[in-house]
Amino acid sequence: MTEGLGLYPGYLDAPAQSALLSAIRHALSNAPLYRPSMPGSGKEFSVRMSNCGPLGWVSDRTGYRYQDHHPDTKQAWPEMPPALLKLWQDLAGYPHPPEACLINWYEPGARMGLHRDQDEAAREAPVVSISLGGRGLFRIGGPKRRDPTRSVWLSSGDVVILAGSARQCYHGIDRIDPTPASPLVVPGRLNLTLRRVTQPPR
Ligand code: MD3
Ligand code: FE
């Protein structure tokens, strides 16, 4: 039991998944996937990333941060697709729009180690996650690294909301099912995370 964890299996139907994939492909044609690296060591992530929206999450040898431009092209991030703004309005229960959509691309064999998301000043805002393509084995624990964890396969069209105490929990992606899954034709998984970054005006 994790308070604030909302699972919406199959929230997006096949046409909605295809339309969203088209919008993401368009964003990626302007802001190509890049390979982030770990602060300090510079060790490369197995996950490739890009962003859309006014801010994007990046990681390199100098640290993790949100910034308004692509680390390689130096161009502003592409616009957030309207379908994502709508999904946030419908599900997030938060009265201000998201500022960042992080686009994570997992090839089979890619993973994301257990971590917490702590780079957002807007701590009380939820995170909304959308999965497309091949299944990913998602693991979520508690607020401490050694807390027990549970695992859930996330499939194409599934949406996860992290609000309340779930927002502070350790989580990661252990593995990717290499079976290709619609709407992608290649093996691998796309994950989109919508986030409010800055403290909204009050
Ligand atoms: C639980 N992404 O980008 S999404 C990340 O599938 C990230 O690419 C994973 O973790 C992925 O930071 C998981 C689901 C998710 C997103 C944010 C969370 C779970 C979370 C924040 C707190 C707790
Ligand atoms: Fe995360």
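Now for a description of the structure that goes with this document. As the structure is a computational prediction, the values presented were derived from the model and not from experiment. (Residues numbered from 1 in each chain as written. Chains lettered and ligands numbered in written order. Predicted model: local features only at pLDDT ≥ 70, side-chain atom pairs only at ≥ 80, totals over all residues. Heavy atoms only, no water.)

### Here's the deal with the coordination of the iron ion (ligand 2)
Where a metal carries four tetrahedral donors, each ideal angle is 109.5 degrees; where it carries six octahedral donors, the ideal angles are 90 or 180 degrees.
Part 1 of the argument: On the protein side, the iron ion (ligand 2) has His115 (NE2), Asp117 (OD) and His171 (NE2) as donor atoms, found 2.0 to 2.3 Å from it.
Part 2 of the argument: As a motif over one chain, the donors of the iron ion (ligand 2) read H-x1-D-x53-H. Of this pair, His115 sits in strand β6 (residues 112-115) while His171 sits in strand β11 (residues 171-176), placing them 56 residues apart in sequence. (Donors = N, O, S within 2.8 Å, 3.2 Å for Na, K, Ca; no water. Helix = DSSP H or I, 4+ residues; strand = E, 2+ residues; numbered from the N terminus.)

### Here we look at helix α1 (residues 14-30)
Since the α-helix turns once every 3.6 residues, residues separated by three or four places project in the same direction.
Part 1 of the argument: With 17 residues, α1 should cover 24 Å at 1.5 Å per step; its first-to-last C-alpha distance of 25 Å lies within 8% of that length.
Part 2 of the argument: Along α1, the residues that are buried comprise Gln17, Leu20, Leu21, Ile24, Ala27 and Leu28. The buried residues of α1 occupy an angular sector of 120° when the element is viewed end-on, so they sit on one face. Facing away from the buried side of α1 by over 90 degrees, the exposed positions are Pro15, His26 and Ser29.
Part 3 of the argument: On its buried face, α1 sits against β2 (48-52), α2 (82-91), β5 (100-106), β7 (127-133) and β12 (189-195). (Expected span 1.5 Å × (residues − 1). Buried < 20%, exposed > 50% of the residue type's maximum accessible area, 1.4 Å probe, protein only. Arc of directions from axis to C-beta. Contact = heavy atoms within 4.5 Å.)

### Brief notes about the packing of aromatic side chains
Part 1 of the argument: Considering all chains together, one arrives at 4 aromatic pairs under this definition.
Part 2 of the argument: Note on Tyr8 and Tyr11: the rings are 6.0 Å apart at their centroids and 80° apart in plane angle, and the pair reads as edge-to-face.
Part 3 of the argument: Between the NZ or CZ atom of Arg135 and the centre of the ring of Trp153, over which it lies, the distance is 4.1 Å. (Phe/Tyr/Trp six-rings, centres within 6.5 Å; stacked < 30°, edge-to-face > 60°. Lys NZ or Arg CZ within 6 Å of the ring centre and 35° of its normal.)

### Considering the environment of Ser22
Part 1 of the argument: With respect to the helices, strands and loops of the structure, Ser22 is situated in helix α1.
Part 2 of the argument: Between the C-alpha atom of Ser22 and that of Trp57, which follows or precedes it by 35 residues, the distance is 22 Å.

Function-wise, these values are silent; they only describe arrangement.
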